[in-house]
Amino acid sequence: MPFLNLGLCNSILQAIDDLGYTAPTPIQKQAIPIILSGKDLIATAQTGTGKTAAFVLPILETFNLESFNKGRTLRGKRIRALILTPTRELAVQVAASVAAYSKHLNLSSLAVYGGVDSEAQKQRLIEGVDILVATPGRLLDLAHQRALHFDELEVLVLDEADRMVDMGFVDDIYKIIDRLPKARQNLLFSATMTDDVRAIAFEFSDSKTSSPAVEISTSPKATTAPTINQWLITVDKDTKSALLSHLINEQQWDQALIFIEKKHGAAKLVAQLAKRGIQADAIHGDKSQAMREKILADFTSGKLKYLVATGVAARGLDIGELSRVVNYDLPFKPEEYIHRIGRTGRAGATGEAISFVAMGDFKNLCAIESRLNHIIDRKEIEGFPVRKVVPVSILNYVRKSER
Ligand code: AMP
């Protein structure tokens, strides 16, 4: 089904065409008609499925039609749609998508997030903004300072709701919801549907007495896209950096996003790679927003081939066609594993996800493979024999704390 059948206006279709999208993704096919009908939506969808366009396109369509019918009525410091994201990187990316999809429309958009001076953001809000993308903390700051008002808000979107819960934003989300007009459309997107996310969705349904939210899911149980070639190498902790350098050189990797647990470890790994002639850079919470953006831009453009990132700093990064992710450290949570490797093989492209697994990771590996419901292929790399062998996982493993 081409985009033509979804009821979007020509200016939006033109913008989609400019981006080279030929057909809607499954989440777009399902979500766009529901959102256009004005209903609330609770969607389970991973990043990489095209979920941003799934909510942005119908919002643009509705707003464009309203502006056409009524003329532009937006007052100063008012916003019509609020898209909440867990990280500033995601806010920037979503705002870039909004700008791209609305480039032939007369609608304004803006991203506001912490870590940068708020003055420029306040200035932009003075005239009012149709679509505001925001991280929760900065949005509340701006609201407290009366730099924006919510009385004309029509649509609320919570993007990556599970990440927001993980990052401790639940209280902020409730504080924000409290400030919004009750009559509004609510859209929630989450890679996983946990009890906390459900509680937020329930709070949504309270906002209206009429039609209950429609629930859709493009991945009933979040699993990884089949185009991702996953494999692991068991390794001793002290040989990880030598192994990584070996793989980069031997397999002539064009690009890799390398996940590491701790920020000081990230800097150390960059130095270890440099000693072996490999130029990498690191992105973590201690770096300034400007530096993170510069490094990310270099990585996206291909100028920087190897990026080391802590899990938190990498949340929400959309690096487009990423060919490879490496779990230099295996994550504790299976959801985090799925999320990380979802950064590769996006929107149909193929990708590779490689995990380094040391003896201490055995339980995490069991939890991940149990969640995936399959054993990840193991490869042995010549010259890297392991002293501490990691046993093969038990597939129905449940952590003690979860029993
Ligand atoms: P998202 O899940 O929103 O992070 O989108 C993942 C990637 O898919 C982004 O790079 C989008 O530009 C791209 N994308 C979104 N919708 C489509 C589509 N219908 N066809 C091709 N690519 C798309």
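Residues numbered from 1 in each chain as written. Predicted model: local features only at pLDDT ≥ 70, side-chain atom pairs only at ≥ 80, totals over all residues. Heavy atoms only, no water.

Caption draft 1: Seen up close, the site of the ligand. Close contacts around the ligand come from 14 residues, with Tyr 21, Gln 28, Gly 48, Gly 50 and Thr 52 the closest. One of the side-chain N or O atoms of Gln 28 is found 2.8 Å from a nitrogen atom in the ligand. One of the backbone nitrogen or oxygen atoms of Thr 49 is found 3.0 Å away from an oxygen atom of the ligand. (Near = heavy atom within 4 Å. Polar contact = N/O pair within 3.5 Å; in protein donor to acceptor, adjacent residues only side chain to side chain.)

Caption draft 2: Structural context of the nonpolar core. Within the largest apolar cluster, 42 residues are counted, with the highest numbers of intra-cluster contacts made by Leu 8, Leu 41, Phe 55, Leu 57, Ile 83 and Leu 187. Apart from the residues within four sequence positions on either side, Leu 41 is in contact with Ala 31, Ile 34, Ile 35, Asn 186, Leu 187, Leu 188, Phe 189, Ala 213, Val 214 and Ile 216. In terms of nonpolar packing, the next biggest core, distinct from the first, is built from 33 residues, Leu 139, Val 165, Ile 177 and Leu 188 among them. (Core = buried A, V, L, I, M, F, W, Y, C linked by side-chain atoms within 4.5 Å. Buried < 20%, exposed > 50% of the residue type's maximum accessible area, 1.4 Å probe, protein only. Contact = heavy atoms within 4.5 Å.)

Caption draft 3: Structural detail: the pairing of strand β13 (residues 351-357). In terms of residue burial, β13 counts as a mostly covered element, since 7 of its 7 residues are buried. Burial of β13 is two-sided: the residues Gly 351, Ala 353, Ser 355 and Val 357 facing one way and the residues Glu 352, Ile 354 and Phe 356 facing the other way are all buried. Bridging between strand β12 (residues 324-327) and β13 involves 4 bridges; their strand directions are parallel. Pairing of Asn 327 across the sheet is with Ser 355, part of β13. (Helix = DSSP H or I, 4+ residues; strand = E, 2+ residues; numbered from the N terminus. Pairing = 2+ DSSP bridges.)

Caption draft 4: Main features of the packing of aromatic side chains. Applying the stated criterion across every chain yields a total of 3 aromatic pairs. Ring geometry for Tyr 21 versus Tyr 101: centroids 6.1 Å apart, planes at 65°, classification edge-to-face. Of the two residues, Tyr 21 sits in the loop between α1 (10-18) and α2 (26-36) while Tyr 101 sits in helix α4 (residues 88-101), which places them 80 residues apart along the sequence. A relative accessible area of 30% places Tyr 21 in the partly exposed class. A centroid spacing of 5.1 Å and a plane angle of 50° characterise the contact between Phe 55 and Phe 189, whose relative ring orientation is tilted. Here Phe 189 lies in strand β6 (residues 185-190) and Phe 55 lies in helix α3 (residues 51-70), a separation of 134 residues in the sequence. Phe 189 matches Phe 55 in its accessibility class, with the two residues each being buried. (Phe/Tyr/Trp six-rings, centres within 6.5 Å; stacked < 30°, edge-to-face > 60°.)

Caption draft 5: Inspection of the domain arrangement of the chain at higher detail. Here the domain parsing of the chain yields domain 1 (3-217) and domain 2 (228-402). For domain 1 and domain 2, the distance between their C-alpha centroids amounts to 31 Å. In this complex, domain 1 contributes 18 residues to the contact, which on the side of domain 2 involves 19 residues. Approximately 1,600 Å² of surface area, both sides summed, lies buried where domain 1 meets domain 2, with 45% of it carried by carbon and sulfur atoms. Between the two partners, domain 1 and domain 2, sit 3 salt bridges. A salt bridge links Glu 89 to Arg 292, with the nearest nitrogen and oxygen atoms 2.6 Å apart. Connecting domain 1 to domain 2 are 2 residue pairs in polar contact (both at pLDDT 80 or more). Elements supplying a minimum of two residues to the side of domain 1 that touches domain 2: α4 and α7 (161-166). Considering every element that reaches the side of domain 1 that touches domain 2, the biggest residue donor is α4, with 5 residues. Here the residues of the side of domain 1 that touches domain 2 are counted per class, giving 6 nonpolar, 7 polar and 5 charged. (Domains from an automatic or database assignment. Buried area = accessible area lost by both parts, 1.4 Å probe. Salt bridge = Lys/Arg side-chain N within 4 Å of Asp/Glu carboxyl O. Nonpolar A, V, L, I, M, F, W, Y, C, P; charged D, E, K, R; others polar.)

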